[in-house]
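# Topology and contacts: notes
Each chain, letter by letter, is given below.
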Amino acid sequence: MTDVTEPRVRTERHGHVLLVRMTRAGKRNAVDAAMTAALDEALNELDDDPDLWCGVLSGDATAFCAGTDLAAGSGGPTPRGGNYGVVRRDRRRPLIAAVEGVAYGGGFEIVLACDMVVAGTGARFGLPEVARGLVANCGALFRTPRPLPLNVAKQLLVTGRPIGARRAHDLGLVNELVEPGTAEAAALELAGQVCENSPFAVSVTLRALERVVSEPDARGWSATDVATAAIERSEDRAEGVAAFLEKRPPRWTGR
């Protein structure tokens, strides 16, 4: 069976909780168009089914998500979810990221779009776009400095080097740090705690908080669009992607 025919996402119901698990393990859950469509469908279900009160988004033991599939592309933004079907979604239900292994690039941006993060001690968070001649264009430019100190956000964005789960927990990005292999179970337990409360009160609280926190988002997306447009015209972008796909060091020109 080819990768094209394999399911990208599987969902499970645990009472009032919807578990959404990315299942493209052979590609470290890199997002292609089929993955974007599958994530969008699952999160639409979470928002639209009144019997679902909380969601958990997970990957596998080695990778939460390695970001965009640079060879295939991630497909276009969806009407309700934006890029990856996730990062511009106006959600009505809390969403918890359960992270094992790598959350790189767009995978980290998906984490930043969630409400809470549970991570195994072996998890790593990074934004390697600059190493590919790219710019983080799915929210990281303005969301990374929210849970993290500004200087740490800058370090992630301009060095491309990841940080480990323990440091991410110490700095406030990760809500709960757990033993490797247990992040999904721990996230389901946290979701169960959310579901002990009034789903209406939780939804109203979440949306009120999001209105306050996301007020600067319009400026953030505008600034991201400007940066992305500049990158799209650059020689370094073409060279960075080519070098990555050809598994060789890039030869930067600075143009």
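What you see is a predicted model, and the numbers here were worked out from it, not measured in a lab.

Turning our attention to the sheet that holds strand 4 (residues 63-65). Spatial ordering of the open sheet is given by 4-6-8-9, a layout of 4 strands whose pairing is mixed. Each edge of the open sheet carries a strand with a single partner, namely strand 4 and strand 9 (163-164). Pairing of strand 4 with strand 6 (residues 102-104), which is carried by 2 bridges, proceeds in the parallel orientation. The partner of Cys 65 across the bridge, within strand 6, is Ala 103.

Now for helix 9 (residues 235-246). Taking 1.5 Å of rise per residue, the 12 residues of helix 9 would be expected to cover 16 Å, and the 16 Å separating its terminal C-alpha atoms lies within 8% of that figure. Among the residues of helix 9, Asp 236, Glu 239, Gly 240, Val 241 and Ala 243 are the ones counted as buried. The opening residue of helix 9, the one whose side-chain oxygen lies 3.1 Å from the backbone nitrogen of Arg 237, is Ser 234. Once helix 9 ends, the next one or two residues include Lys 247, with phi positive near 55 degrees.

The next subject is the pattern of salt bridges. Counting across every chain of the model gives 17 salt bridges. Here Arg 207 ties to Asp 90 by a salt bridge, and the two come within 3.4 Å at their closest N and O atoms. Placement of the pair is Arg 207 in helix 7 (residues 199-213) and Asp 90 in the loop between strand 4 and strand 5 (95-99), with a sequence separation of 117 residues. Measuring nitrogen to oxygen at the nearest pair gives 2.6 Å for the salt bridge that ties Arg 248 to Glu 246. What emerges from the salt-bridge pattern is a single network uniting Arg 8, Arg 24, Asp 32 and Asp 69.

About the cut-offs
- Within each chain, residues carry numbers counting from 1 in the order of the written sequence.
- Totals for whole chains, interfaces and linings use all residues, but because this is a predicted model, local features are given only for residues with pLDDT of at least 70 and pairs of side-chain atoms are given and counted only at 80 or more.
- Derived side-chain values reflect all non-hydrogen atoms in the structure, with water molecules and hydrogen atoms excluded from consideration.
- Pairing between strands is defined by DSSP: at least two bridges between them are needed.
- Put simply, DSSP marks the helices as runs of H or I at least four residues long and the strands as runs of E at least two long, and each gets a number from the N terminus on.
- Expected span, for any helix, means 1.5 Å times one less than how many residues it has.
- Throughout, exposure labels follow a simple rule: accessible area from a 1.4 Å probe, protein chains only, divided by the maximum for the residue type, with under 20% read as buried, over 50% as exposed, and the rest as partly exposed.
- Polar contact criterion, stated in full: a pair of N or O atoms within 3.5 Å, where within protein one must be able to donate a hydrogen and the other to accept it, and residues adjacent in sequence count only if both atoms are side-chain atoms.
- What makes a salt bridge here is a side-chain nitrogen of Lys or Arg within 4 Å of a carboxyl oxygen of Asp or Glu, nothing more.

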